[in-house]
Amino acid sequence: MYEPIRGKSVHTMAGTGSDVPRRPREAELEFQLAGHLAALLTATDELRSQAPCADLDEAAEQLAQQVARLRGGAAPARAATPGPPADGGSAARVTALHRRAYDLAGRALVVAASRADTRAAILAAQRMEAHAEAAARPPVPC
């Protein structure tokens, strides 16, 4: 009824042999978690520049420690935090940054839970809660 395939299948992935390095699932989850926490650290640093706050300083330090732990002691690259903007950071910008940080913390929480990394999961959940509260109210200086 159907003609047999005479050539290589177009659905076969190139390089599926031993020439492609593979990471075990645990290593892949660790890599993903470090990436999500580093992105959350970047958003936190940006928030610190828009609306300086002691809570954000502490959170940034905790995030940097977790990223370094997951990367085998290598400290994450961070931009120098400039002084606060002259206008104190627009309310809409600060709220958008809190929402972005909330989303990033949620992604980190999912990966941390699937990896069974309690320290990272607790930190991500705390950051989600803090950013949800901050996004729900108007920005006020700390």
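Look above for the structure.
The paragraphs below set out a description of the structure included in this document.

Parameters and conventions
- Residues numbered from 1 in each chain as written.
- Predicted model: local features only at pLDDT ≥ 70, side-chain atom pairs only at ≥ 80, totals over all residues.
- Heavy atoms only, no water.
- Helix = DSSP H or I, 4+ residues; strand = E, 2+ residues; numbered from the N terminus.
- Areas by Shrake-Rupley, 256 points an atom, 1.4 Å probe, with all protein chains shown as cover.
- Contact = heavy atoms within 4.5 Å.
- Axes fitted to C-alpha atoms, helices over the stretch in contact; angles between N-to-C directions.
- Parallel < 35°, antiparallel > 145°, perpendicular 65-115°, else oblique.
- Left-handed = near helix turned anticlockwise from the far one by under 90°.
- Salt bridge = Lys/Arg side-chain N within 4 Å of Asp/Glu carboxyl O.
- Buried < 20%, exposed > 50% of the residue type's maximum accessible area, 1.4 Å probe, protein only.
- Core = buried A, V, L, I, M, F, W, Y, C linked by side-chain atoms within 4.5 Å.
- Expected span 1.5 Å × (residues − 1).
- Nonpolar A, V, L, I, M, F, W, Y, C, P; charged D, E, K, R; others polar.

**What about the overall build of the protein?**
Across its full length, the protein carries four helices and zero strands. Along the protein, helices (α) and strands (β) appear in the sequence α-α-α-α when read from the amino end. When the accessible surface of the protein is summed, it comes to about 9,100 Å², and 57% of that surface belongs to carbon and sulfur atoms.

**What about the side chain of Asp117?**
Along the chain, Asp117 turns up in the loop between α3 (91-115) and α4 (118-136). In this structure Asp117 touches Leu33, Arg69, Leu70 and Ala112, once residues within four positions along its chain are discounted.

**Looking at the packing of helix α2 (residues 54-70) against α4**
Contact pair α2 / α4: the axes reach a minimum separation of 11 Å and the direction vectors enclose 150 degrees. Here α4 runs roughly antiparallel to α2, going by the angle between their axes. Of the two elements, α2 crosses α4, and the hand of that crossing is left-handed. Residues Asp55, Leu56, Ala59, Gln62, Leu63, Gln66 and Arg69 of α2 pack against Arg119, Ala120, Leu123, Gln126, Arg127, Ala130 and His131 of α4.

**What to know about the pattern of salt bridges**
One pass over the structure, following the stated rule, counts nine salt bridges. The shortest N-O distance in the salt bridge between Glu26 and Arg115 comes to 3.4 Å. Taken together, the positions of Glu26 in helix α1 (residues 25-50) and Arg115 in helix α3 put the pair 89 residues apart, joining distant regions of the chain. Residues Arg115 and Asp117 are paired through a salt bridge, measuring 2.7 Å at the closest nitrogen-oxygen approach. Here Arg115 and Asp117 have matching classes, each one buried. Taken together, the shared-partner salt bridges in this structure form one network comprising Glu26, Glu30, Arg69, Arg115 and Asp117.

**Some thoughts on the nonpolar core**
The biggest cluster of nonpolar side chains holds 29 residues, and the ones touching the most others in it are Leu33, Leu37, Leu40, Leu47 and Leu63. Of all the secondary structure elements, the ones that give two or more residues to this core are α1, α2, α3 and α4. Considering each element in turn, this core owes the most residues, nine residues, to α1. Apart from the residues lying within four places of it in its own chain, the contact partners of Leu37 are Leu63, Gln66, Val67, Leu70, Ala108 and Ala120.

**Brief notes about α4**
In this model α4 runs 27 Å from its N-terminal to its C-terminal C-alpha over 19 residues, within 8% of the 27 Å that 1.5 Å per residue would give. Contacts from the buried residues of α4 go to α1, α2 and α3.

**A look at the packing of α3 against α4**
Across the interface, α3 lies against α4 with an axial gap of 8 Å and an inter-helix angle of 155 degrees. It follows that α3 is roughly antiparallel to α4 by the angle criterion. α3 and α4 meet at a crossing whose hand is left-handed. When α3 is examined against α4, the residues Thr95, His98, Arg99, Ala101, Tyr102, Ala105, Gly106, Ala108, Leu109 and Ala112 are found in contact with a partner set consisting of Ala120, Ala121, Ala124, Ala125, Arg127, Met128, His131, Ala132, Ala134 and Ala135. In terms of residue class, the contact of α3 with α4 is built from 14 nonpolar, four polar and two charged.

**Remarks on the side chain of Arg127**
Mapped onto the secondary structure, Arg127 falls in helix α4. Overall, the relative accessible area of 6% leaves Arg127 in the buried class. Beyond its immediate sequence surroundings of up to four residues, Arg127 is in contact with Leu40, Asp55, Leu56, Ala59 and Ala105.

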